[in-house]
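Chain by chain, the residues run as shown.
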Amino acid sequence: LVLLGDLHRALAPEPGSTPELEMHYQPKVALASGRTVGFEALMRWRHPTRGMIAPTIFVPLAEQSGLIHDVTRFALTECVTQLARWRREGHDIPVAVNLSAHDVTTSQVVDLIEQLLTDHAVPASLLEVEITETALVADRSRVVPVLERLGELGVRVAIDDFGIGNTSISQLRDLPVDELKIDRLFVSDLREGGRDGAEVVVQAMVDLAHSFGLRVVAEGVEDEYIARMLRGLGVDHAQGFLYSAAVPADQVPEVRASAG
Ligand code: G
Ligand code: G
Ligand code: MN
Ligand code: NA
């Protein structure tokens with residue numbers, strides 16, 4: 001209850017007060033070249049007395065209380081503003097924003113995205129959204145038209161945390177998405193001495209995704225051994241502590257230098 005009021009305050013800060021919410025950026029790296037090809041934006045809450053509060057705590061709280069649309073608005077506004085700033089500095093590099101299941105059952109979020117891109121003169125091709133597999137299939141008849149509108153705008157859509165939901169192959173085929181992000185559970189199974197058959201599972205996901213024309217991203221890549229395996233399995237992009245954790249925007253140039 002205390003947290004809910006606090007989240008409200010964090011989302012609508014008094015002018016001149018220290019901002020509590022902030023987006024951090026984790027690089028996505030092309031496995032073939034080792035180059036940074038984009039970023040995933042992850043929200044951070046620096047609470048004045050409780051310290052850092054993880055999104056796994058406050059996002060569900062926001063979803064239950066109806067504040068999620070304000071959380072999403074904050075994330076999208078910050079990211080589009082940052083995209084515009086990077087563009088001015090000569091870097092056209094895509095950023096992916098996580099959307100909640102609650103965001104994608106109506107097209108309001110598409111209107112917001114369209115408005116932000118127009119206001120900041122940012123091309124839609126630089127913005128991507130990530131939606132969990134579970135959210136995508138839970139309310140398909142309402143979600144699919146929203147995804148189609150995003151596609152018409154030119155915003156790319158990724159299926160997040162893929163593999164832990166129960167999407168059938170035909171459901172996957174019919175989703176208007178561009179990218180599939182393999183959940184880090186399957187990625188960590190690939191570690192040296194990891195789970196038997198882990199490679200076969202990831203290979204099947206890669207082949208399925210590629211046969212539908214989707215790009216494949218592996219999440220939670222923590223060591224070079226796993227990165228090598230993923231490269232061999234044909235995974236396109238990777239994200240994880242091997243490359244960098246999520247960092248504030250002003251630390252991103254260093255990230256790019258070390259990854260490039
Ligand atoms: O970076 P991290 O461990 O803190 O993220 C934990 C979870 O919180 C991830 O599943 C991520 O998708 C989610 N998350 C992070 N930032 C946002 C955000 O801006 N919006 C939403 N809806 N979820 C987010
Ligand atoms: O669910 P989603 O993919 O949106 O969230 C990404 C989450 O994974 C964030 O909490 C982020 O901090 C975390 N993360 C990023 N890289 C790694 C990694 O290499 N290992 C682990 N264990 N977590 C990671
Ligand atoms: Mn994500
Ligand atoms: Na994920």
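Residues numbered from 1 in each chain as written. Chains lettered and ligands numbered in written order. Predicted model: local features only at pLDDT ≥ 70, side-chain atom pairs only at ≥ 80, totals over all residues.

**Q** Help me out: how do you make sense of the pairing of strand β5 (residues 127-132) in this one?
**A** The side chains of a regular strand alternate between the sheet's two faces. Of all six residues in β5, six are buried; the element is thus mostly enclosed. Residues L127, V129 and I131 of β5 are buried on one face, and the alternating residues E128, E130 and T132, pointing to the opposite face, are buried as well. What joins strand β4 (residues 95-98) to β5 is helix α4 (residues 108-120), and the crossover it makes is right-handed. Pairing of β5 with strand β6 (residues 156-162), which is carried by five bridges, proceeds in the parallel orientation. Along β6, the bridge assignment pairs E130 with A158. (Buried ≥ 20, exposed ≤ 12 C-beta atoms within 10 Å, placed from the backbone. Helix = DSSP H or I, 4+ residues; strand = E, 2+ residues; numbered from the N terminus. Right-handed = clockwise from strand over helix to strand, strands pointing away. Pairing = 2+ DSSP bridges.)

**Q** Which parts of the structure should I look at to understand the site of ligand 1?
**A** Neighbouring residues of ligand 1: L42, M43, A54, P55, T56, V59, V71, A75, N98, L99, S100 and A246. At three residues, helix α2 (residues 55-65) tops the list of elements feeding residues into the shell around ligand 1. (Near = placed C-beta within 6 Å.)

**Q** What is the right way to read the packing of helix α3 (residues 68-88) against α4 from this model?
**A** Helix-helix packing is described using two parameters, namely the angle between the two axes and the distance between the axes. Running from amino to carboxyl end, α3 crosses α4 at an angle of 25 degrees, the nearest separation of the two axes being 10 Å. One element, α3, and the other, α4, form an angle in the roughly parallel class. Judged by the twist between their axes, the crossing of α3 over α4 is right-handed. Here T72, R73, L76, T77, V80, T81 and A84 of α3 lie close against α4, whose contacting residues are V109, L112, I113, L116, L117 and H120. When grouped by side-chain class, the residues that make up the contact of α3 with α4 number eight nonpolar, four polar and one charged. (Axes fitted to C-alpha atoms, helices over the stretch in contact; angles between N-to-C directions. Parallel < 35°, antiparallel > 145°, perpendicular 65-115°, else oblique. Left-handed = near helix turned anticlockwise from the far one by under 90°. Contact = placed C-beta atoms within 7 Å. Nonpolar A, V, L, I, M, F, W, Y, C, P; charged D, E, K, R; others polar.)

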